[in-house]
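# Secondary and tertiary structure notes
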Amino acid sequence: MAAKVGGKFGTFNKRIDYTFADIKPITTEFSRGTVPNSIVAMDRESAWARWRRGYEIAVAVGIQKSYNFPFRYTLPVPQGTSLPPGNDPVIIGVLQGFPTSNREFGIHWTGCRVSALLRFDNVFDSIGTRGSVASYTEDADYWYVTLAGTWSSVNPLPAPLYIPGVNGGEALKPLIGEVVEDRVLIPEGIPITAASRNPATDTRYGYVQTLLIDIDQNNGILKLQKNGSFEATIDGNFVTPATRPPAINRFLILGSRYACTCQDFTRRTYADFSKRNDSQIKKRFPYTRPAGLKFGRHEILTDSFGNVNNNADTELNNNRNLELTFQSIDNPGLFQDFGGRYLRNTSSPGASEGPVTFVDYKAKDNQIISFSDYWSPLLDEMRYCKHIYALRFQEGILLPEPSDLPVEMEEGIVNWEQRLTKEVANIKSNIDYMNSVKGLSYMDMPPKNLQSPQLLPMLQKLLNIPASFIRLQNFSLQNKDGSFT
Amino acid sequence: MTVEFGDVVETRYVTSEEQLKRSQFGFSPVSFSGSPIVYTPGDVVHLPYASGELSTLEAVGLAWGAFSSGVGPNP
């Protein structure tokens, strides 16, 4: 057996002839088939590798800005509701395509929903008090922030913080897992930046980023996590963890959110439709080996007539709905795996980071009693894929270097980095065109592909709204003149 | 500088001349004023919804509430 050669992400080593030729490699998390060196290398699929590769991609993408789609999404209102006059409710973000030679119709799509779309100066109690930060308590791990207003079981926190269950159904708290930041000083004010100064004192305001862990709707309390929090200090620096809770009397906003369609982020193995480097380029019928099928979630897309429709191309006037069912086997041909939730094991702050935990569902008596999709994102909570790392590098914050540097056998990391740099330059100048031709021949561009089986689940995670409220006709993308139409 | 509704308050990613030049692909004429890349990862936008308007937060709440009771969006 020999290690894979060539410049694919995750291939650290040159060809090495092992003496223990019969050792079967461990199946990879990146769906590259196998991890060739997993027996002899430590931490092969580390966050560090994603972080480093993300930087390389960020630089490469940043030059050309190809497949960059800023969008504005006007939220539809429920049936029977009319949109009041004035500014429309919008969600603003960017979709970035990453051409790839391997899977998923040739292009991975990564999305960013920008910051400050949801603002807590729009949270009102029953008598119209705005939900600023009124007070807080804390323990070793969390801040408990009470919002201004009068809250009770009769007047709980409003949607989307808390949506009561209908007819005995389960209550929803879809904002759990979002990043909150204390960046609005006065109602309807402009969000402050790390550089904003108080004119009275000429010192910076500073702000805090932290993760929303839980919501106590009857007492108006938000539970915020200290671990992994982030602070822009009055010195103009960024520190983590934050040294203070969100400031009293400010209004919270929701921070940026990211999602990606790649195998790493979705934790899925895509079916292999074709390979550009095949000796004979041919279409393949997507299939999944029976041995690869697992019990778990199946995402079903139906069109407006109720028919199952998994086409990659969609029609603008035929919106699709997404249904999740976990009482079936996987979607053969599209995915080989259901994905999962991959969190860092940070439940006990102060302790060193232990092994990652893999939480997908809870089961009792061979029945799945609760299914948790991959909702909790951001900060350091979820392991990003290399594409999201690339977008985060574009934020301009030099992300902290993950400490799980992969330790390999013979070749040093310096050689690997040098090869990586050359490889990315080569891909950008020679191979991307081919990947693009292939990708564009398989799938549409945004917004037309946004209801494809790959993108709709990703978009639901990104926008954090029900899939039925993701409507193609509500997307405005930038035209060639720079305006949104 | 006055920040209008929907404007970017803070962008972490400034497009250079070189990037603007290279982002003009194809042969059709492309015209734009200012930076054509409006929203980038890490941006913070200014959306000060006034009273009477439906804010993004309230609209997201309505959407999840409708989902919870089995109601779809307005066609």
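Residues numbered from 1 in each chain as written. Chains lettered and ligands numbered in written order. Predicted model: local features only at pLDDT ≥ 70, side-chain atom pairs only at ≥ 80, totals over all residues. Heavy atoms only, no water.

### Remarks on the overall build of chain A
The number of helices and strands found in chain A is 5 helices and 22 strands. The buried share among the 485 residues of chain A stands at 54%. Pairs at least 24 residues apart make up 67% of the contacts formed inside chain A by residues separated by at least 6 positions. Summing over all exposed atoms, chain A offers an accessible surface of approximately 21100 Å²; the carbon and sulfur share of this is 52%. (Helix = DSSP H or I, 4+ residues; strand = E, 2+ residues; numbered from the N terminus. Buried < 20%, exposed > 50% of the residue type's maximum accessible area, 1.4 Å probe, protein only. Contact = heavy atoms within 4.5 Å. Areas by Shrake-Rupley, 256 points an atom, 1.4 Å probe, with all protein chains shown as cover.)

### Quick word on the confidence of the model for chain A
Caution applies to low-pLDDT parts of the model: their predicted coordinates are not meant to be read in detail. With 68% of its residues at a pLDDT of 70 or more, chain A shows a mean pLDDT of 75. Here residues 1-11 of chain A scores under 50 on pLDDT; set against residues more than four positions off or in separate chains, the count is 38 contacts. (pLDDT = per-residue confidence, 0-100.)

### A word on the interface of chain B and chain A
The interface of chain B with chain A comprises 55 residues on the first partner and 73 residues on the second. In this assembly, chain B packs against chain A so that about 5500 Å² is buried in total across both faces, 65% of it on carbon and sulfur atoms. When the area that chain B buries against chain A is broken down by residue, the three leading residues are Tyr39, Leu57 and Trp64 of chain B, summing to 15%. Where chain B packs against chain A, one counts 1 salt bridge. Arg183 of chain A is the partner of Glu10 of chain B in a salt bridge, and the nearest nitrogen-oxygen pair spans 2.8 Å. Linking chain B with chain A are 12 residue pairs in polar contact (both at pLDDT 80 or more), by the criterion used here. Those elements that place two or more of their residues in the side of chain B that touches chain A are strand 1 (8-10), helix 1 (17-22), strand 2 (44-45) and helix 2 (56-68) of chain B. Considering each element in turn, the side of chain B that touches chain A owes the most residues, 13 residues, to helix 2 of chain B. (Buried area = accessible area lost by both parts, 1.4 Å probe. Salt bridge = Lys/Arg side-chain N within 4 Å of Asp/Glu carboxyl O. Polar contact = N/O pair within 3.5 Å; in protein donor to acceptor, adjacent residues only side chain to side chain.)

### Considerations on the nonpolar core
Residue and element names in this part refer to chain A. One finds Tyr73, Leu161, Leu222, Leu459, Leu463, Ile465 and Phe475 to be the most contacted residues of the largest nonpolar core, which totals 88 residues. Not counting the four nearest positions on each side in its chain, Phe475 is found in contact with Phe71, Arg72, Tyr73, Pro447, Leu450, Leu459, Leu463, Ile470 and Thr485. With 5 residues, the next largest nonpolar core counts Ala116, Val184, Phe251 and Ile253 among its residues. (Core = buried A, V, L, I, M, F, W, Y, C linked by side-chain atoms within 4.5 Å.)

### Topic: helix 4 (residues 413-442) of chain A
Residues and elements named next belong to chain A. Between its first and last C-alpha, helix 4 extends only 36 Å over 30 residues, short of the 44 Å set by a 1.5 Å rise per residue. At Ile431, helix 4 is bent by approximately 55 degrees, the largest bend along its length. Along helix 4, the residues classified as buried are Trp416, Leu420, Glu423, Val424, Asp432, Asn435, Ser436, Lys438 and Gly439. (Expected span 1.5 Å × (residues − 1). Bend = angle between axes of the 7 residues up to and from the residue.)

### A short note on the environment of Asn311 of chain A
Residues and elements named next belong to chain A. Along the chain, Asn311 turns up in the loop between strand 16 (295-302) and strand 17 (321-329). Each C-alpha atom, one on Asn311 and one on Tyr384, is 28 Å from the other, the two residues being 73 residues apart in sequence. If sequence neighbours within four positions are ignored, Asn311 has contacts with Arg320, Ser452 and Pro453.

### So, the pairing of strand 12 (residues 221-232) of chain A
All names here are of chain A. With 9 of 12 residues buried, strand 12 is to be regarded as a mostly interior element. For strand 7 (residues 142-147) and strand 12, the ladder comprises 5 bridges, and the chain directions are antiparallel. Pairing of Thr146 across the sheet is with Ile221, part of strand 12. Alignment of strand 11 (residues 207-216) against strand 12, held across 8 bridges, turns out to be antiparallel. Looking at strand 12, one finds that Asp216 is bridged to Ile221. Where strand 11 folds back on strand 12, the antiparallel hairpin that results is connected by 4 residues, among which Gly220 adopts a positive phi of roughly 65 degrees. Judged from the 2 bridges that link them, strand 12 and strand 13 (residues 238-239) form a sheet pairing that is antiparallel. Note that in strand 13 the partner of Glu231 across the bridge is Val239. The antiparallel pairing of strand 12 with strand 13 creates a hairpin that spans 5 residues between the two strands, and Gly236 there sits at a positive phi of about 85 degrees. (Pairing = 2+ DSSP bridges.)

### A few points about the confidence of the model for chain B
All names here are of chain B. Mean pLDDT over chain B works out to 81, with 75% of the residues at or above the 70 mark. When pLDDT is averaged over each helix and strand of chain B, the minimum, 70, is found for helix 1 and the maximum, 93, for strand 2. With a pTM of 0.80, the predicted complex shows an ipTM of 0.89.

### A look at the sheet that holds strand 5 (residues 107-113) of chain A
Through backbone hydrogen bonds, the strands of a sheet pair up, either in parallel or in antiparallel fashion. All names here are of chain A. Taken together, the 5 strands give an open sheet; going across it, the order is 15-5-4-3-22, and neighbouring strands pair in antiparallel fashion. What marks the edges here is a single partner per strand, and that holds for strand 15 (257-260) and strand 22 (475-477). Ignoring strand direction, the axes of neighbouring strands in this sheet form an average angle of 25 degrees. The pairing of strand 3 (residues 68-74) with strand 22 spans 3 bridges and is classified as antiparallel. The residue bridging Tyr73 from the neighbouring strand is Phe475, located in strand 22. (Axes fitted to C-alpha atoms, helices over the stretch in contact; angles between N-to-C directions.)

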